[in-house]
Structure formats: C-alpha cells, structure tokens
Amino acid sequence: MKTNQQVEAIIWRRAATGLEFLIAKRTPERGGFWQPLTGGVEIGESFEQAVRRELIEEFGLTQPLAVEPLNFHFSYVMKDGQALNEEVFSVEVSAKTTIGLSEEHTQYRWCSQTEAELLLIWEDNKEALRRVAIANQPEKLFIRIPAVAVIVSRDNHCLIVQRGANDSFPNTWELPGGLIETNEDIQKAALRELAEETGLTKVNVHNILNTNVYVIELSDVIKEVAHTTLHVTLESDQPVILSGEHQAFAWIKKEEFFSYNFSRHNRESLMKYFNITA
C-alpha cells in the first residue's frame, strides 16, 4: 500500500561527452510527459528502499554504482487535492548499463543536462537534475544571493500576483518580493519590494515563515538563491496598485490554493501559511 510519500531518482552516467541523464516518457494514460524516475513509498519502506525497488520495476536497474540522498525535497498538490512530499536521490549507473523499460513508459532517453531540462516540464524535476549536475562536474564560480517574498494576509485571504506573459515563467502566480539589496535586512527588503510591486505600505509585520533555497546554473557561474518569506497583515483598506512587473493580482483563501500554478519556493511558503501538509 502506498503512502503520501514519494521518491524521485535522478539517474545519470559518465559518458565520453560529459554527464548524461536518464528520463522517460510516461504513457498517454499517465500524462504523456517526460520525467525522471518517480514512485510512491510503500508502508514500511525507507526512502532508499523505495528508490531501489522503483529502479528495478521501472528500468530494470539492479546494480547502480551509487544511490545517495540529494538532501532536496519538495511538496506539491495533486488535482484531487492530495498533498504529497517527494524526496530526491542521485543514482549513478555504469556507462554500459542497459535499460528495461516498464509498461508505465513508452520510451526513454539519455540526455545532456540542457536536453533534459528542455524535455522536463516540472520545475522541481529540473532543479533536482541541476543539483546532481552541479555536484558531479568541475567547480564553477559560486554566488549566494539573498531574496525575500512577502505573504500579505487580510481576512483569511492571501495576496498573490501574476507574472507577465513575456516574463520568465510566463503567467505563473507568485508572492510579491525580490532580491535583498546591499545593507538591507530581511524586513526592510520585504517592505520595500511590497511597496514597489503592490503599492502597499500600511502593514503589520509578524514573522518569518521559512527560507527556501534553489539553484540557477549558467555557463560560468552557479547561483544559489536563498528565498526567505515574511508574513505581514494588511490592516487598512489600502488598494493594491501593481507596478509593471505583474499583470494581475488576487486575494485567495486556502480552498483556492489548488487552482493556481506557483513556483516551488512560493508554493511551499503558501502551504505552510495555509497549513496544508504533505
């Protein structure tokens, strides 16, 4: 019997041209999209035991070179409202490994990091793959970037804003926020970004909800963004006035959370605020 815990395995090998990653295409009945190995954790299984079982069942992999936790996990919500937690592992296999595909998939590919990211549709899968790639290739310049997001609450509702149609991650929804500038603390940066993006200034500051970290890899540098979320309450009737950074806003309650597409760091902050648990 499955639990509400999931595992994901980024399977990779060292090829003559560099690192290659294994992804597979699900059957049309299962969505028809490309993804790494994923599967449910059964009652009584550890995460690693679940990964090793799924390796055999889905790809016929019985002798991986290494199965290691990536120390990366995320939560998401299914269309039926069920919240799941997914723990990610890095799995190295031999360059001569053969694949025996299960009936859950129609085809598989060994891809470069760039090719894999173009085929994958979920940002959490892409980030997991990037982390494995970063950990197993020559070092690059590393930069840590502090950022902030703001949960603005009013009458059991939370403010979200929508990115532009021509922006990166077009038309997705997020919390107001941005990068923390030099000599700014978290609260000062949060209130500045909130005022710039929404025009809201009359708020009461409560507490820091969490900090999420994600990685951006470029050709010559690795950027680690530490995204801290601050909770504030709007106590006035001050209207929202959007800047040019966003095209729309909405005040949502817990039951409406499932109707919007959020980035991972915003999604996890909102799940914590609304007390949605995996």
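A. Region of the structure containing helix H5 (residues 264–274). Here H5 lies mainly inside the structure; nine of its eleven residues are buried. For H5, the set of buried residues is Arg264, His265, Asn266, Arg267, Glu268, Ser269, Leu270, Met271 and Phe274.

B. The side chain of Asn212, seen in detail. Note on placement: Asn212 falls in strand E12 (residues 203–217). At 3.1 Å, the side chain of Asn212 and the backbone oxygen of His265 are in polar contact. Discounting chain neighbours no more than four positions away, the residues touching Asn212 are Val225, Ala226, His227, His265, Glu268 and Ser269.

C. Seen up close, helix H3 (residues 123–135). For H3, with 13 residues, the first-to-last C-alpha span of 18 Å sits near the 18 Å given by 1.5 Å per residue. Taken across its 13 residues, H3 has ten buried, putting it largely inside the fold.

D. Inspection of the nonpolar core at higher detail. Judged by nonpolar contacts, the single largest core of 19 residues is most densely connected at Ile10, Phe21 and Val88. Within the residue set of this core, elements represented by two or more residues are strand E1 (2–15), strand E2 (18–26), strand E5 (66–77), strand E6 (83–92) and H3. Non-local contacts of Phe21, meaning those with residues more than four positions away in its chain, are made with Ile10, Ile11, Trp12, Arg109, Trp110, Cys111, Ser112, Gln113, Leu129, Val132 and Ala133. Val7, Leu55, Phe89 and Ile99 belong to the second-largest nonpolar core, a separate cluster that totals 18 residues.

E. Highlighting the packing of aromatic side chains. In total, this model carries eight aromatic pairs according to the counting rule given. Judged by centre distance (5.9 Å) and plane angle (85°), the ring pair of Phe33 and Trp122 falls under edge-to-face. Of the two residues, Phe33 is situated in the loop between E2 and strand E3 (34–35) and Trp122 in the loop between helix H2 (113–119) and H3; the sequence distance between them amounts to 89 residues. Residue Phe33 is classed as buried on the basis of its relative accessible area, which comes to 18%. Look at Trp122 and you get partly exposed, because its relative accessible area is 45%. When the centroid spacing of 5.6 Å and the interplanar angle of 15° are considered together, the rings of Phe257 and Phe262 count as stacked. On the basis of relative accessible area, Phe262 is assigned to the buried category, the value being 5%.

F. Spatial organisation of the pairing of E6. Counting buried positions along E6 gives ten out of ten residues, so the element sits mostly inside the fold. Pairing of E5 with E6, which is carried by nine bridges, proceeds in the antiparallel orientation. Bridging across to E6, Pro69 finds its partner in Phe89.

Cut-offs used in this document
Residues numbered from 1 in each chain as written. Predicted model: local features only at pLDDT ≥ 70, side-chain atom pairs only at ≥ 80, totals over all residues. Heavy atoms only, no water. Buried < 20%, exposed > 50% of the residue type's maximum accessible area, 1.4 Å probe, protein only. Helix = DSSP H or I, 4+ residues; strand = E, 2+ residues; numbered from the N terminus. Polar contact = N/O pair within 3.5 Å; in protein donor to acceptor, adjacent residues only side chain to side chain. Contact = heavy atoms within 4.5 Å. Expected span 1.5 Å × (residues − 1). Core = buried A, V, L, I, M, F, W, Y, C linked by side-chain atoms within 4.5 Å. Phe/Tyr/Trp six-rings, centres within 6.5 Å; stacked < 30°, edge-to-face > 60°. Pairing = 2+ DSSP bridges.

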